[in-house]
Each structure stands twice: as structure tokens, then as C-alpha cells.
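Commentary on secondary and tertiary structure
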Amino acid sequence: MRTETATIVRPARDVRGSVSLPGDKSISHRYAMLAGIAEGPSRLENYSTGADCASTLECMRSLGVEWQRKDNVIEVQGRGLVLGAPARPLDCGNSGSTMRMLSGIVAGQKFISEMVGDESLSRRPMERVIKPLTAMGAQIESQGGKPPLRITGAGLKAIDYKMPVASAQVKTCLLFAGLLAEGETRVEEPLRTRDHGEVALRAFGAQLQRQGNQVRIRGGQRLRGMAARIPGDLSSAAFFLCAAAMFPGSQLTLPNLLMNPTRARLLDVLMQMGLHISVVQLEEIHGEMVGSLQVEGAKLKGVTIAGADSAALIDEIPVLAAIAPYTEQGIEVRDARELRVKESDRIAAVATNLRRMGAQVEEREDGLKIPGGQALRGAELDSFGDHRIAMAFAVAALRARGETLIRGAESAAISYPAFFETLEELVKA
Ligand code: S3P
């Protein structure tokens, strides 16, 4: 049973300080999976502290991969491409990334895997991986396209697949399956999504080719373990960046942050909105761009997020929408229907919480329109069991009048257990 914790957030005057973010969640999942099917040891420093990435590690253990954790350093003994049959269901917890990406690996193993998740994950669509993996030769039973999944692995055949939904999890799943398949797998995405799957496969020694929106991988390539330091999570930094953006004069330093161009759209958008961001150092580590940022708050303008930007900003839209009332012109979000099938229905969750704070909000099927220049009041809010909603509204509460109570604030631990402590250190009352 999950125990619910309510957290109180009080109004702030300023945001100041320096934060080193725990390792990026998207990269941590991929490195843990690939380290398990690589040959030889891997050492992963600054591994994500979130519960989701711990779920991935536990699943890998159930598949016969040995690893040890010391603080945020994970040492993995790779098994090569052949894993061990799990004695119990693979518990993916709240993590859609774990279930979708790992399904690509277990689909290519000659045993049966059951993949289960919590209540929220059990409501999320899995058809997007079931269909292509079935076409590659796996047998998959589900509950009408939702978890639990029972995957009977097989010797997979390569596929030439056009993804109907823009999803980096699905792309990664199919590239992992392609690695285990006979022949060359081709995956085409409708628009460019985050490329950590491709970058990580290369870092572990695989060869891939990209042409436009298509990525190709030849099956049977052997991976080799590596030592890596995972850059700070930009989607977690988003909460502090947005907090700083609300207060002209705030100052924030963020060292060693992930700056992969397929993830960094948030920085362009925040700059367009008026935040001053300077990149003081930039380097490439295992194919990922990593930088240190200095940020200063200024007057905040509104913005419209639509089309490819909605996919690129999918994890950051909740916090951008939560601060929208404090911008001059407001924020409009379109083409973001995917938000309805995340850990919660994030469009409905944002609209409900903003209204509880007294904001005017227009909720649409594929987005939101939130006018600017609104003053909000502290209120009793709900995380809806969703880490990003809990953190987004902790940020919005900093500029409200009066205290805000966030029920289910403990869900922040899914991606960022230390979030509330760090926020408190940065905020000046
Ligand atoms: C992720 C991709 C996105 C994102 C999720 C992490 C990834 O999901 O929302 O938090 O690591 O590939 P979709 O692939 O469903 O868009």
C-alpha cells in the first residue's frame, strides 16, 4: 500500500542557488538495460535516484543480471544478449519506460515473461509495442492492449516499421528488439523524438544508421560494457528553471546537465519567454551533450506550444502550464493528446489544479489555453499519483497568495526523491 503524504508549499520571493541534478531518467533506464545485455562489466555513475529507474534495475535482476548499487553508482555484470528466465513477474511499478523498452528485450528471449505494473501503469496503452513486436514473431497477451503483458519470446525477425505514434519509448523498444532479431530492422518515426536509445546503443558498441526519420539496426551485434557518468536530468531541472523564471532577479546554477538537442527544446522556449540562460561549459560524453547553465529570471512572456514542439516538450508541458497564469500573455498548448495517457491524464490534472487555485483555464482534447496576468491563491491540490504533477504545482504554489497543500506529494519520488528538500533550499521566503 502506498501511503499518501501531503506537503505544504509556501509563497516565495526569490529562487537562488546551485543544484546538481540526479542522473537523467531516460538515459538511466537505457544504460541499465544495455549494460545487462552487454558483455563485461559496466559502471554507471550518477544513476537516477527515482523509483522508476530502480524498477528497471530490479527487472534486470529478475532476468539474471547481477548488479550492485553504492549510492548512485551501479556496477553491472553484463550477461550478453541471452538473459535468464524470470522466476516471478517483472514488476515495472509506475514505469511505462521500463515496460515498453524492456518488452523489446524480453521479446527476443526464449522464455516467457510476465510484465506487471501499478494501478496507473495498468491503465496505459501497450498496443504500440504489442503490434510491432508481434509482427517480429513474439506472442503477447494483454488486457485489451493494457498491462499485465505475458510475452512469449522467440527468435525475432527484423521488421520495417512506420510508427503511428511519436514515442521514443516505442522506438527504443524496437531498436532493442532489432538488436536481437535476424536481419536489419528499420524504424521510422513520424517526427524526431529523443534519441537516447540510438546514442546509448552506439555508446555500448552497436552500429546504427539514421536517414531522416528512419533508424536502422542490424541484429546480432554484440555490446560491450562501459564506464559512464549520467548527465543531470533536464526534465527534473525543468521545475527549478520554471521556478526561477517566475521571479525576476532569481539566479540559478545548474552544473552537468543533459543538453541533448532532442531534449533541450525547453531551454529555447524559456529563453523565448524571457529567461536569461547562458551555457558556461559544454562537452560530449558517450554521445550525449552535457553543459553547465547559469540562469537569471526576468519578466515572463507567454508562448504557444504546438506540433513537433509538443512532442519535444511532452514531459515539461505540465510545469510550463502550471506557471502559465503568471506569464504576461498566457500559454496555449496544442497537439499534446499524448498527455492524456501519461502517469495521469495530465491535461485534466493541470486544469483541475489550476482551477482550484482560482485560475481561468480552457481545457481542450489535445491541450490547454491558459490566459496570462492571473493572480493565483494557495489551495488544496492533488498530485493524481503523478510525479510531474506534484512537482509542477509545488512550483506554481511559490507565487500564489497563501499556502498550498499538495496531496500525494510523495509521488515526486518516482523521478526525483529529493525534489522537495532541494526546492526548499533554493527558495528564499
Ligand atoms: C521517454 C519518452 C516519453 C516521455 C517519458 C520518457 C523515454 O514517452 O514522456 O517520460 O525515455 O523514451 P513516450 O515515448 O511515450 O512519448
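Residues numbered from 1 in each chain as written. Predicted model: local features only at pLDDT ≥ 70, side-chain atom pairs only at ≥ 80, totals over all residues. Heavy atoms only, no water.

Description of the overall build of the chain
Selection criterion: Numbered from the N terminus, helices here are DSSP runs of H or I no shorter than four residues, and strands are runs of E no shorter than two. Here the globule rule is a power law, 2.2 Å times the number of residues to the power 0.38, and the radius of gyration is based on C-alpha atoms. Classification of residues uses two cut-offs on accessible area relative to the type maximum, computed with a 1.4 Å probe and protein chains only: under 20% is buried, over 50% is exposed, and between them is partly exposed. Any two residues having at least one pair of non-hydrogen atoms within 4.5 Å are treated as being in contact. All accessibility values rest on the Shrake-Rupley procedure with a 1.4 Å probe; residue burial counts only the protein chains present in the view. Residues scored as positive are Lys and Arg, those scored as negative are Asp and Glu, and His as well as the terminal groups of each chain are ignored. Note that the charge is assigned to NZ on lysines, CZ on arginines, CG on aspartates and CD on glutamates.
The number of helices and strands found in the chain is 13 helices and 24 strands. Taking 22 Å as the expected radius of gyration for a compact globule of 429 residues, we find that the chain reaches 21 Å, a close match to that expectation. Here the C-alpha coordinates of the chain stretch approximately 60 × 45 × 45 Å along the principal axes. In the chain, which comprises 429 residues, the proportion classed as buried is 60%. Partitioning the contacts of the chain with sequence separation of at least 6, the portion at a separation of at least 24 is 75%. Carbon and sulfur atoms provide 46% of the accessible area of the chain, an area that totals close to 16,200 Å². Positive and negative side-chain charges of the chain, numbering 52 and 50 respectively, have mean locations separated by a distance of 2 Å.

Focus: the site of the ligand
Definition in use: What makes a residue near a molecule or strand is one non-hydrogen atom of that residue sitting within 4 Å of it. For this analysis, a polar contact is any N or O atom pair within 3.5 Å, provided that within protein one partner can donate a hydrogen and the other can accept it, and provided that sequence-adjacent residues contribute only side-chain to side-chain pairs. These domain limits were set by an automatic method or by a database of domain assignments.
As a matter of local geometry, the ligand sits amid Ser26, Arg30, Ser97, Arg100, Ser167, Ala168, Gln169, Arg194, Ile314, Asp315 and Lys342. Separating an oxygen atom of the ligand from a backbone N or O atom of Ala168 is a distance of 3.1 Å. The backbone of Gln169 places a nitrogen or oxygen atom 2.9 Å from an oxygen atom of the ligand. The protein chains hide 93% of the 380 Å² of surface that the ligand would expose on its own. Secondary structure elements with two or more residues in the shell around the ligand: α1 (25-37), α3 (96-106) and α5 (168-180). Composition of the shell around the ligand by domain shows at least three residues from each of domain 1 (6-22 + 232-428) and domain 2 (25-228).

Thoughts on the packing of helix α12 (residues 387-397) against helix α13 (residues 419-426)
This is how the line gets drawn: Here the axes come from fitting lines to C-alpha atoms, over the contacting stretch only for helices, and the angles between their N-to-C directions go from 0 to 180 degrees. Here is the rule for angles: anything less than 35 degrees is roughly parallel, anything more than 145 is roughly antiparallel, 65 through 115 is roughly perpendicular, and the remaining ranges are oblique. Put simply, a crossing is left-handed when the front helix is turned counterclockwise from the back one by less than a right angle, and right-handed when it is turned clockwise.
Packing of α12 against α13 leaves a shortest axis separation of 11 Å and a crossing angle of 15 degrees. Here α12 is positioned roughly parallel relative to α13, judged by the angle of their axes. The handedness of the crossing between α12 and α13 comes out as right-handed. For the pair α12 and α13, the contacting residues are Ala390, Met391, Ala394 and Val395 in the first and Phe419, Phe420 and Leu423 in the second.

Things to note about the environment of Gly144
Structurally, Gly144 is set in the loop between β8 (139-143) and β9 (146-152). Residues Gly144 and Val9, 135 residues apart in the sequence, show an inter-C-alpha distance of 40 Å.

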